[in-house]
Amino acid sequence: MTPTYVLVHGSNSASFTWGPLQRELALLGHRTLAVDLPGHGFSAGFQAAYQAPQDLAALASAPSNQAGVTAAEAVEHVMDIVREVAVHGPVILVGHSRGGVVLTGVGNAVPELIERIVYVSAWCAVDLTLGEYMQEPEYATSALNDVGGVVVADPAALGALRMNWRTADPTLLAALKTAMLEDGTEQEFFAYLNTLEPDESLDAGTEKADAATWGRIPRTYVRLTGDLSIPLALQDRFIKEADALTPDNPTDVRSLESSHVRFLIHPKEAAAILAGLA
């Protein structure tokens, strides 16, 4: 039976980010479904203060629809979608960036419903949690460490992360471009920023890969060799730890020359990799 690719976005993003890749996969004859995690997409919490001209003081205090949203809710949401899709054939579950946390949770819970799990420069927690990996040497070089200025509210007070992607600060914009799309044009960078949502859940979860369930699923890790957000050394650590956990089910490793998001904007090569997994 023909598989369906279920696509899970990363932080501050939505199903819309997968549009170009879905188009390429459709041209190759493949069926896809892009997920909006809870509080994302058309349910995202945009504020009038986020519009132009911006009211940064109001933006910093306006309530967030991501306050209290948990990683477990995101996992449950994707599990429900996977259950529906699996009725029609095999499911290839694909995640990017923080979406990898959801992939692992779903794989732990319903391995029998997943034909293959695919991490595209995504968090794949095996020995540590996401938060713990962020304290490790492999993450120390992440260019995301230089973009703290994009946060415009106290996360503890708001109960969520709020970013101002519409900043005009040239230093911050340069740092964001380095972190996300160093290999793209300025126009592509601004277009991408305008697909992002200001609010994200504080809860990244603590779930780690379970050898008995997640470990049974064939998996692929697509390394993005130019990624400065999730450094290549950290991506390789995820792969190494996963293979140590399940030596009889080693990771199928692919590499793509791309920054953290270039493959979403120019998706032809990524689509070819994914199509080859069907």
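Residues numbered from 1 in each chain as written. Predicted model: local features only at pLDDT ≥ 70, side-chain atom pairs only at ≥ 80, totals over all residues. Heavy atoms only, no water.

*Asks:* Can you lay out the overall build of the chain for me, pointing to particular residues and giving the numbers?
*Replies:* When you go through the chain residue by residue, the secondary structure sums to 12 helices and eight strands. Taking 19 Å as the expected radius of gyration for a compact globule of 278 residues, we find that the chain reaches 18 Å, a close match to that expectation. If one aligns the C-alpha atoms of the chain with their principal axes, the spans along those axes are about 55 × 40 × 35 Å. Taking all 278 residues of the chain together, 54% fall into the buried category. (Helix = DSSP H or I, 4+ residues; strand = E, 2+ residues; numbered from the N terminus. Rg over C-alpha atoms; globule rule 2.2 N^0.38 Å. Buried < 20%, exposed > 50% of the residue type's maximum accessible area, 1.4 Å probe, protein only.)

*Asks:* Run through the packing of aromatic side chains, naming residues and quoting values.
*Replies:* The geometry of an aromatic ring pair is captured by two quantities: the separation of the ring centres and the angle between the planes. Counting across every chain of the model gives eight aromatic pairs. On the numbers, 5.9 Å between centres and 45° between planes, the contact of F46 with Y50 is tilted. Given a relative accessible area of 40%, F46 falls into the partly exposed group. A ring pair is formed by W123 and F238, whose centres lie 5.7 Å apart and whose planes are at 55°; its orientation type is tilted. (Phe/Tyr/Trp six-rings, centres within 6.5 Å; stacked < 30°, edge-to-face > 60°.)

*Asks:* Give me the pairing of strand β4 (residues 116-122): which residues, what numbers.
*Replies:* In terms of residue burial, β4 counts as a mostly covered element, since seven of its seven residues are buried. In this structure, strand β3 (residues 91-97) lies alongside β4, joined through six bridges in parallel fashion. The residue of β4 that forms the bridge with V94 is V118. Once you follow β3 into helix α4 (residues 99-109) and on to β4, the crossover reads as right-handed. Pairing of β4 with strand β7 (residues 219-224) involves four bridges; the strand directions are parallel. Paired with I117 across the bridge in β7 is R219. (Pairing = 2+ DSSP bridges. Right-handed = clockwise from strand over helix to strand, strands pointing away.)

*Asks:* Just give me the short version of the packing of helix α8 (residues 170-181) against helix α9 (residues 186-193), but keep the residues and values in it.
*Replies:* At a closest axis distance of 11 Å, the pairing of α8 and α9 adopts a crossing angle of 90°. The angle between the axes of α8 and α9 places the two elements in the roughly perpendicular class. For the pair α8 and α9, contact is made by L173, L176, K177, M180 and L181 and by E186, E188, F189, F190, Y192 and L193, respectively. (Axes fitted to C-alpha atoms, helices over the stretch in contact; angles between N-to-C directions. Parallel < 35°, antiparallel > 145°, perpendicular 65-115°, else oblique. Contact = heavy atoms within 4.5 Å.)

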